[in-house]
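# Overview (structure and organization)
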Amino acid sequence: MKINWGTSIIIAFVLFMSFILFFVFKVQSDTKYDNDLVVEEYYKHDIHFSDEMVRVQNAENLVQKPTVLETNEGIEIVFPEVFSPEKIKGKVSLYRPSNKRLDFEIPISMSNPTLLIPKLKLVGGRWDINMEWNYFGKAYLTKTKLNLKP
């Protein structure tokens, strides 16, 4: 039997589509491939977006901003000396884009201007760090991305 070029193209398309569909079904049905949204309740989160932008702008308007550093002990968040550490309240959310199970939050409660997140809780790779904090009733939101060494 001789196959002409038209039949060859049809066979190639069918094989390619079968290949793609196989992987689509495999990814959708296998539990090791996580297809979760970034935010569980996206629309509720989106309603408060303008409030979030105000807090981000408040943080951007600061003359001296908090800094996030990677150290041998873990992640160190250093607030400038102009802030009284006892008056800073809030939380630090660490978000791991590649694995939702590694996400966690730490409350901000300090007696000195440095907050240390121990390396024991962290794995190497990219972390998105969101600091939501208040200082004398004014809300701030500082967002940072950090790539930790393994």
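Please read these numbers as outputs of a predicted model, since none were measured by experiment. (Residues numbered from 1 in each chain as written. Predicted model: local features only at pLDDT ≥ 70, side-chain atom pairs only at ≥ 80, totals over all residues. Heavy atoms only, no water.)

### Re the environment of F83
- Here F83 shows up in the loop between strand 2 (74-78) and strand 3 (88-95).
- For the pair F83 and F136, spaced 53 residues apart in sequence, the C-alpha separation works out to 10.0 Å.
- When near neighbours in sequence (up to four residues on either side) are disregarded, F83 contacts L62, Q64, I88, W133 and Y135. (Helix = DSSP H or I, 4+ residues; strand = E, 2+ residues; numbered from the N terminus. Contact = heavy atoms within 4.5 Å.)

### As for unusual backbone geometry
- Of note in this structure, F136 is not a glycine but carries a positive phi near 50°.
- Here F136 shows up in the loop between strand 6 (125-135) and strand 7 (138-148).

### Topic: the sheet that holds strand 1 (residues 67-70)
- Ordered in space as 1-2-5, the 3 strands form an open sheet in which the pairing is antiparallel. Across the chains shown, the open sheet's two edge strands, defined by having one partner strand only, are strand 1 and strand 5 (114-118). The average undirected angle you get between the axes of adjacent strands in this sheet is 20°.
- For strand 1 and strand 2, the ladder comprises 4 bridges, and the chain directions are antiparallel. Residue pairing for strand 2: E70 is matched across the bridge by I75. (Pairing = 2+ DSSP bridges. Axes fitted to C-alpha atoms, helices over the stretch in contact; angles between N-to-C directions.)

### Looking at helix 3 (residues 49-60)
- The terminal C-alpha atoms of helix 3, which comprises 12 residues, lie 16 Å apart, in line with the 16 Å expected from a rise of 1.5 Å per residue.
- Taken together, the buried positions of helix 3 are E52, R55, N58 and A59. The buried residues of helix 3 occupy one face: seen down the axis, they fall within an arc of 115°. (Expected span 1.5 Å × (residues − 1). Buried < 20%, exposed > 50% of the residue type's maximum accessible area, 1.4 Å probe, protein only. Arc of directions from axis to C-beta.)

### Topic: the packing of aromatic side chains
- Taken as a whole and assessed by the stated rule, the structure comprises 9 aromatic pairs.
- Consider the rings of F19 and F23, whose centres lie 5.0 Å apart with planes at 75°: the pair is edge-to-face. One end of the pair is F19 and the other is F23, both in helix 1 (residues 5-29) and 4 residues apart, which spans about a single turn.
- For F23, a relative accessible area of 39% translates into the label partly exposed. (Phe/Tyr/Trp six-rings, centres within 6.5 Å; stacked < 30°, edge-to-face > 60°.)

### A word on the pattern of salt bridges
- Within the structure shown, the criterion is met by 5 salt bridges.
- Of the charged contacts, one joins K143 and E52 as a salt bridge, the two residues approaching to 2.6 Å between their closest N and O atoms. Residue K143 is located in strand 7, and its partner E52 is located in helix 3; the two are separated by 91 residues in the primary sequence.
- The salt bridge partner of K119 is E70, with a shortest N-O separation of 3.9 Å. (Salt bridge = Lys/Arg side-chain N within 4 Å of Asp/Glu carboxyl O.)

### A word on the environment of L120
- Among the structural elements, L120 can be located in the loop between strand 5 and strand 6.
- C-alpha separation for the pair L120 and G74, spaced 46 residues apart in sequence, amounts to 7.7 Å.

### Remarks on the sheet that holds strand 3
- Taken in spatial order, the 4 strands of this open sheet run 4-3-6-7, and their pairing is antiparallel. On the outer flanks of this sheet lie strand 4 (104-108) and strand 7, each paired with one strand and no other. Taking the axes of each pair of neighbouring strands and ignoring which way they run, one obtains an average angle of 15° across the sheet.
- Pairing of strand 6 with strand 7, which is carried by 11 bridges, proceeds in the antiparallel orientation. Following the sheet pairing, N130 is matched in strand 7 by K143.
- Of the strands in this sheet, strand 6 and strand 7 touch helix 3, which is tilted by about 80° from strand 7.

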